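Read off the chains here:
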Amino acid sequence: MVRIVSSWFQSELGESAGSQTTKRGAVQTLLQIFRLLYLFAESISLCILYEWRPLHQIDGKEKDISSELGIAALALTAEDYASSVQRSDDNDGGGTSRHTMTDAAAINLAERSPRFEDASGHANVTVQLGDTAFLNCKVLDLQDKTQVSWVRRHEQELHLLTVGMQTYSTDSRFSLHFQHPNDWRLQIKFARPRDEGIYECQVSIHPPRIYTVRLIVAVPSVEMVDDHGRVIEEKIYKTGSTIELKCVVSKVPGPTANIMWRHGLRILNYDTSRGGISVKTDLLPYGAVSRLYIANASQRDAGNYTCNISESSWTTVVVHILNGEHPAAMQHGQSSSSERRPLVISMLVVVMASWFFMWKCSFSR
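Residues numbered from 1 in each chain as written. Predicted model: local features only at pLDDT ≥ 70, side-chain atom pairs only at ≥ 80, totals over all residues. Heavy atoms only, no water.

Looking only at helices and strands, one finds 5 helices and 22 strands in the chain. Within the chain, the fraction of its 365 residues that count as buried is 34%. Put simply, of all contacts in the chain between residues at least 6 apart along the chain, 60% involve residues at least 24 apart. Total accessible area computed for the chain in this model is approximately 23,300 Å², and 57% of it derives from carbon and sulfur atoms. (Helix = DSSP H or I, 4+ residues; strand = E, 2+ residues; numbered from the N terminus. Buried < 20%, exposed > 50% of the residue type's maximum accessible area, 1.4 Å probe, protein only. Contact = heavy atoms within 4.5 Å. Areas by Shrake-Rupley, 256 points an atom, 1.4 Å probe, with all protein chains shown as cover.)

Okay, structure coming up:
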């Protein structure tokens with residue numbers, strides 16, 4: 001169709017060769033409009049044919065065919081439009097100012113198209129197990145009828161999470177929390193290891209703009225250790241001594257001071273009812289070391305002590321308080337050495353007596 005229209009206009013130009021140059025420029029512009037309409041129709045047909053974002057395997061890698069075709073069409077359109085403007089300016093006797101204004105308008109049009117504030121197009125987000133993850137997607141120059149959606153990519157499957165302000169995920173932990181002026185932020189509560197993976201923020205234009213976020217869920221390590229760094233499950237103290245417990249937190253996204261100490265169900269960090277309780281926490285690049293001190297220990301201080309940084313990351317140690325007994329009497333329910341001594345002596349007496357009678361019998365023979 002474009003060729004037929006082009007031939008007709010060229011024949012008209014041949015018949016009126018003596019017309020003004022502005023008429024020729026208008027004809028060239030009209031031809032470019034027909035070419036733009038043709039390319040637009042071709043892009044729509046390709047979009048329908050390949051169903052939104054077709055992925056073809058080429059040399060073992062996925063390749064977005066429709067996106068490349070759309071970009072090529074846009075590049076061809078821009079090139080043809082620039083050529084048309086240049087020819088029109090030449091025919092009009094050199095319209096330098098008009099050409100400059102046209103280029104500026106094209107640049108402004110490109111800047112007004114939706115785009116992401118982060119030009120890199122991707123980001124990594126690390127969240128601690130059990131915490132809330134926030135995935136940011138800041139979109140500039142978003143048009144009124146353009147939608148922003150979040151999807152999760154799992155292997156070759158895409159799972160729709162949100163479209164605009166609406167949430168479509170069946171998991172209630174996922175929701176869209178828009179932050180003024182342009183942040184379409186996805187919120188994931190109580191992050192779990194299975195939430196790790198690739199999330200895409202998509203802007204509904206053709207070809208679609210995509211911002212990729214990789215979510216990493218860090219599982220902390222919480223351990224109760226002794227003075228030598230060995231993991232312990234119980235400790236024994238005498239009445240009147242000072243209880244000293246050491247908790248080491250590691251494998252977290254950054255320094256954390258949110259370490260809570262409990263005795264049973266009672267929180268000790270801010271306890272003032274007993275007195276003599278103090279907590280000292282040293283921050284590390286990827287964790288912390290927290291120490292609990294309880295002065296003048298008594299029987300009421302015995303029991304389970306828990307160190308935790310969240311509801312899903314904690315460890316417990318059992319503390320025994322002795323009233324002057326030897327600590328060995330409390331280890332794993334074993335008897336003390338003083339209790340075993342009479343039994344050993346009795347066994348020795350029986351063995352020696354047996355040997356004596358056997359020797360006497362053999363001597364009498």
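Moving on, we come to the nonpolar core. Leu-135, Trp-150, Ile-188, Tyr-199 and Leu-215 are the most contacted members of the largest nonpolar core, which totals 25 residues. No other element matches strand β13 (residues 209–218), which puts 4 residues into this core. Other than its neighbours up to four places away in sequence, Leu-215 contacts Val-125, Val-127, Ala-133, Leu-135, Ile-188, Asp-195, Glu-196, Gly-197 and Tyr-199. Counting residues in each nonpolar core, the second largest holds 23 residues, with Cys-247, Trp-261, Val-319 and Ile-321 among its members. (Core = buried A, V, L, I, M, F, W, Y, C linked by side-chain atoms within 4.5 Å.)

With that out of the way, let us pick up the state of the cysteines. Note on terminology: a disulfide is the covalent bond linking the sulfur atoms of two cysteines. Considering all chains together, one arrives at 2 disulfides under this definition. Sulfur-sulfur distance for the disulfide between Cys-137 and Cys-201 comes to 2.0 Å. The sign of the S-S torsion, about -75°, decides the handedness of the disulfide formed by Cys-137 and Cys-201: left-handed. Of this pair, Cys-137 sits in the loop between β5 (133–135) and β6 (139–140) while Cys-201 sits in strand β12 (residues 197–203), placing them 64 residues apart in sequence. (Disulfide = S-S within 2.5 Å.)

Another point: the environment of Val-219. Within the secondary structure, Val-219 sits in the loop between β13 and β14 (221–225). The spatial distance from the C-alpha of Val-219 to the C-alpha of Arg-192 is 8.8 Å, given a sequence separation of 27 residues.

The next thing to look at is a nonpolar patch on the surface. Among the surface-exposed residues, Leu-30, Ile-33 and Leu-37 lie close enough to one another that they form a single nonpolar patch of about 250 Å² accessible area. Within the fold, Ile-33 resides in helix α2 (residues 21–50). A relative accessible area of 41% places Ile-33 in the partly exposed class. (Patch = residues over 30% accessible without salt bridge, like charges linked within 9 Å, V, L, I, M, F, W, Y side chains within 5 Å. Salt bridge = Lys/Arg side-chain N within 4 Å of Asp/Glu carboxyl O.)

Looking now at the sheet that holds strand β17 (residues 260–263). Ordered by their spatial adjacency, 5 strands build an open sheet running β15-β22-β21-β17-β18, and the pairing between neighbours is mixed. Of all the strands in the sheet, just β15 (234–238) and β18 (266–267) have a single pairing partner and so form its edges. In the sheet, β15 pairs with strand β22 (residues 313–322) via 5 bridges, with the strands oriented parallel. If you follow Lys-238 over to β22, its bridge partner there is Leu-322. (Pairing = 2+ DSSP bridges.)

Looking now at unusual backbone geometry. The omega torsion of the bond from His-180 to Pro-181 falls at 10°, within 30 degrees of zero and hence cis. Structurally, Pro-181 is set in the loop between β10 (174–179) and β11 (183–188). That bond from His-206 to Pro-207 is cis: its omega, -5°, falls within 30 degrees of zero. Within the fold, Pro-207 resides in the loop between β12 and β13. In this structure, Asp-141 takes a positive phi of about 55° despite not being glycine. Of note, the phi angle at Asn-296 is positive, near 55°, even though the residue is not glycine. In this structure Asn-296 comes out as exposed when scored by relative accessible area, which is 54%.

Within the fold, Asp-227 resides in the loop between β14 and β15. Linking Asp-227 and Glu-244, residues 17 residues apart in sequence, is a C-alpha distance of 9.6 Å.

Below, the discussion takes up the pairing of β11. Of all 6 residues making up β11, 6 are buried, and the element is well covered by its neighbours. Residues Asp-183, Arg-185 and Gln-187 line one face of β11 and the alternating positions Trp-184, Leu-186 and Ile-188 line the opposite face, and both faces are buried. As paired strands, β5 and β11 are joined by 3 bridges and run antiparallel to one another. Within β11, the residue paired with Phe-134 across the bridge is Gln-187. Pairing between β10 and β11: 6 bridges, direction antiparallel. Bridged to Gln-179 within β11 is Asp-183.

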